[in-house]
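Results of the structural survey
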Amino acid sequence: MVGTIQFFTDYVVLIYLILFIALIFTLRRFHQTRHELGGAVFGLEVDIARRNQARASAILVGIGILALAEFVLIVFLVPSLPGLTTLYTPTNDLAAPLSATLPAEILATRNALTPSVDVPSGLIGCIPGQIMITSPEPGEQIRGKIILMGTADIPNFGFYKYEFSPSGVDDWATIQAGRELRIEESLGEWDTSEIQPGDYLLRLVVVDNEGQAMPACIVSVRILIP
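The shown structure was predicted, so the numbers you read here are calculated from the model rather than taken from an experiment.

Analysis parameters
Residues numbered from 1 in each chain as written. Predicted model: local features only at pLDDT ≥ 70, side-chain atom pairs only at ≥ 80, totals over all residues. Heavy atoms only, no water. Patch = residues over 30% accessible without salt bridge, like charges linked within 9 Å, V, L, I, M, F, W, Y side chains within 5 Å. Areas by Shrake-Rupley, 256 points an atom, 1.4 Å probe, with all protein chains shown as cover. Salt bridge = Lys/Arg side-chain N within 4 Å of Asp/Glu carboxyl O. Helix = DSSP H or I, 4+ residues; strand = E, 2+ residues; numbered from the N terminus. Buried < 20%, exposed > 50% of the residue type's maximum accessible area, 1.4 Å probe, protein only. Expected span 1.5 Å × (residues − 1). Pairing = 2+ DSSP bridges. Axes fitted to C-alpha atoms, helices over the stretch in contact; angles between N-to-C directions. Disulfide = S-S within 2.5 Å. pLDDT = per-residue confidence, 0-100. Contact = heavy atoms within 4.5 Å.

**Remarks on a nonpolar patch on the surface**
- Together, Phe-7, Tyr-11, Leu-14, Leu-17, Ile-18, Phe-20, Ile-21, Ile-24 and Phe-25 line one region of the surface with nonpolar side chains, adding up to about 900 Å² of accessible area.
- Sorting elements by how many residues they give to the nonpolar patch places helix 2 (residues 12–39) first, with seven residues.
- Along the polypeptide, Phe-20 turns up in helix 2.
- Phe-20 gets classed as partly exposed once you look at its relative accessible area, which sits at 49%.

**Describing helix 2**
- Its 28 residues give helix 2 an end-to-end C-alpha distance of 41 Å, which sits within 8% of 40 Å, the value for a rise of 1.5 Å per residue.
- The set of residues buried in helix 2 consists of Val-12, Ile-15, Leu-19, Thr-26, Phe-30 and Thr-33.

**Some details on the sheet that holds strand 2 (residues 131–135)**
- Read from one edge of the open sheet, three strands run 2-4-7, paired in antiparallel fashion. Bordering the open sheet on either side are strand 2 and strand 7 (182–191), each of which pairs with just one other strand. The mean inter-strand angle of the sheet, taken between neighbouring strand axes irrespective of direction, is 30 degrees.

**Observations concerning the state of the cysteines**
- Under the criterion given, the structure shown has one disulfide.
- Put simply, Cys-126 and Cys-217 are joined by a disulfide, and their sulfur atoms are 1.9 Å apart. For the disulfide bridge between Cys-126 and Cys-217, the dihedral angle about the S-S bond is near 80 degrees, and by the sign convention the bridge is right-handed. Of this pair, Cys-126 sits in the loop between strand 1 (123–124) and strand 2 while Cys-217 is found in strand 9 (residues 217–223), placing the two residues 91 residues apart along the sequence. Here Cys-126 and Cys-217 have matching classes, each one buried.

**Some details on the confidence of the model for the chain**
- Overall, the predicted model of the chain reaches an average pLDDT of 80, with 76% of residues at or above 70.
- By mean pLDDT, the top-scoring element of the chain is strand 4 (residues 145–152) (96), and the lowest-scoring one is helix 4 (residues 104–113) (50).
- For the stretch residues 83–102, pLDDT sits under 50, and the model shows 41 contacts to residues farther than four places along the chain or on other chains.

**What about the environment of Asn-156?**
- Secondary-structure assignment places Asn-156 in the loop between strand 4 and strand 5 (157–166).
- The contacts of Asn-156, once residues within four sequence positions are left out, are Asp-208 and Asn-209.

Put into structure tokens, the structure is as follows:
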């Protein structure tokens, strides 16, 4: 379900373009059927023309419904589901320099946010006091249900989410999200009891109120057998 919604979110321009083209062709067909109906003489011709006109009308209604559904999805549904805003979150080569993967405007925002405080060893992309995971710690071995501790506090705060991925695999799954600022406190829970034991990356993503994700704070952990 989430994947389907994400598809309609990512390709909204293409979808509207296809609907517009379909609308043009269907309108032409509808006008043609009107002329056919007006020029029909025999009963069979009238029946055929009416069926064609009804078919064209049904397609027009369908296009309208699809366009309205896409509009409602983008304007109302997507903003209410934080997990769907992942298209702004950088996912390529998390260990690479940020300048190689992030747009200039995000880098400028990050530079403005970054305080002159050293980030603990083992954390990637974290900003102390603003985007930070304090527990679990880098390399920590965890099992079962744990509480994530940290900070999600940026200017124009929108929401935060935390995700995990197997180490060395760029395939992130959202665990949970929240819409309240967090400062050195609980970000939420993570139940690892159903996850295959091994090495994983855990990341905290904070998004502003315009839907722009800041660079993620990433920590490596090892999940043990419950």
